[in-house]
Amino acid sequence: MATITTTDGTEIFYKDWGSGQPIVFSHGWPLSADDWDTQLLFFLHHGYRVIADDRRGHGRSTQTSDGHDMDHYADDLAALTAHLDLQDAVHVGHSTGGGEVVRYIARHGESRVAKAVLISAVPPLMVQTDANPGGLPKSVFDDLQAQLAANRSEFYRALPSGPFYGFNRPGVQSSEAIIENWWRQGMMGGAKAHYDGIVAFSQTDFTEDLKKITVPVLVMHGDDDQIVPYADAGPLSAKLVQNGTLKTYPGFPHGMPTTQAETINADLLAFLQS
């Protein structure tokens, strides 16, 4: 297994396939690099070098007690890009991974970065505050933590079976294989990392980070996202970055890179080639 060890002793697992311009994929909570399998193979076959890691506490990386916050996530990503000496990289982040990408670029600069893509991503800020009245009440995220603490296995069946992929919508065909793969990835990770991660993805304010980003950014968001509601996320992020493009997908769910992979991959490729 390919791993790097960060300054605090955390082992980060990663995949690094192919050659060409690097695309670095940052996964959503509570999953792993495996969530990008369809994208990794697609872009590998289109001549790109594809890289995806398991965030600390997730997948095959160390189940650390601490460091489950966006600064550590960003620093771990920086350690990986430095270790691989990536240049002209495109960073693609889904959900929590989108927050990781934004914090990484703002915190570590753009010298290694060519472009960025935020898919169903958590920035600018998920939780409701006086400055962010359109956000979700903190009680929503407190409830997620309570469900995780009570029975993580059951919780990790309910989320993909329902709102994550929109399988709870009328007329949408559910996929047992997709649900089981989500559960498998989630249960590989650490309960504490996932518990703390709910705070990280919901309460981190990325407003100032987004303003610092000057490279081209594609913001992709489905307007039926039941996890990261569209109106308080995608359109706001696209406006805050200096060179942003918003692409809205009518009816697409939060997990659209999996359920609508053909559409998402084609649009990603067009952005990379533009």
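As the structure is a prediction and not an experimental result, all values here were calculated from the model.

A.B. asks: What is the right way to look at helix α7 (residues 191–203) in this model?
C.D. replies: Each turn of an α-helix holds 3.6 residues, which means side chains three or four residues apart point in the same direction. Spanning 13 residues, α7 covers 19 Å between terminal C-alpha atoms, matching the ideal 18 Å at 1.5 Å per step. Among the residues of α7, Ala-193, His-194, Gly-197, Ile-198, Ala-200, Phe-201 and Ser-202 are the ones counted as buried. Those residues of α7 hidden inside the fold are in contact with α2 (70–83), α3 (96–108), α4 (138–150), α5 (152–161) and α6 (176–188).

A.B. asks: Before we go on, may I ask you to explain the UniProt feature "domain: AB hydrolase-1" (unreviewed entry) in the protein in this structure?
C.D. replies: UniProt records the feature "domain: AB hydrolase-1" (unreviewed entry) at residues 22–254, using the numbering of this structure. Taken end to end, residues 22–254 is 42% helix and 15% strand, and its two terminal C-alpha atoms sit 25 Å from one another.

A.B. asks: What am I meant to see in the packing of α2 against α3 here?
C.D. replies: A pair of packed helices can be characterised by two numbers: the angle between their axes and the separation between those axes. Put simply, α2 and α3 touch, their axes get as near as 8 Å, and they point 70 degrees apart. Taken together, α2 and α3 sit at an angle that is classed as roughly perpendicular. Residues Met-70, Asp-71, Tyr-73, Ala-74, Asp-75, Leu-77, Ala-78 and Thr-81 of α2 pack against Thr-96, Gly-99, Glu-100, Arg-103, Tyr-104, Arg-107 and His-108 of α3. Residue composition of the contact of α2 with α3, by class: six nonpolar, four polar and five charged.

A.B. asks: Explain the side chain of Asp-53 to me, please; I cannot follow it from the model alone.
C.D. replies: Structurally, Asp-53 can be placed in strand β4 (residues 49–53). Although Asp-53 lies buried, it forms no salt bridge, and the closest oppositely charged side chain, Arg-55, sits 6.5 Å away as judged by the N-O distance.

A.B. asks: So what exactly am I meant to see when it comes to the pairing of strand β2 (residues 11–17) here?
C.D. replies: The two faces of a sheet get side chains in turn, since along a regular strand they alternate between them. Relative to β2, strand β1 (residues 3–5) is paired through three bridges, and the arrangement is antiparallel. By the bridge assignment, Thr-5 is partnered in β2 with Glu-11. Between β1 and β2, which follow one another and run antiparallel, lie five residues, and Gly-9 among them has a positive phi close to 85 degrees. Sheet analysis places β2 next to β4, joined by four bridges and oriented antiparallel. Bridge pairing links Tyr-14 to Asp-53 in β4.

A.B. asks: What am I meant to see in α4 here?
C.D. replies: With 13 residues, α4 extends 19 Å from end C-alpha to end C-alpha; this agrees with the ideal 18 Å at 1.5 Å per step. Looking only at α4, the buried set comprises Phe-141, Leu-144, Gln-145 and Leu-148. The buried residues of α4 occupy an angular sector of 95 degrees when projected down its axis, which confines them to one face. In the core, the buried residues of α4 are packed alongside α5 and α7.

Calculation notes
Residues numbered from 1 in each chain as written. Predicted model: local features only at pLDDT ≥ 70, side-chain atom pairs only at ≥ 80, totals over all residues. Heavy atoms only, no water. Helix = DSSP H or I, 4+ residues; strand = E, 2+ residues; numbered from the N terminus. Expected span 1.5 Å × (residues − 1). Buried < 20%, exposed > 50% of the residue type's maximum accessible area, 1.4 Å probe, protein only. Contact = heavy atoms within 4.5 Å. UniProt positions renumbered as here; feature names shortened; annotations may be inferred. Axes fitted to C-alpha atoms, helices over the stretch in contact; angles between N-to-C directions. Parallel < 35°, antiparallel > 145°, perpendicular 65-115°, else oblique. Nonpolar A, V, L, I, M, F, W, Y, C, P; charged D, E, K, R; others polar. Lys, Arg positive; Asp, Glu negative; His and termini not counted. Salt bridge = Lys/Arg side-chain N within 4 Å of Asp/Glu carboxyl O. Pairing = 2+ DSSP bridges. Arc of directions from axis to C-beta.

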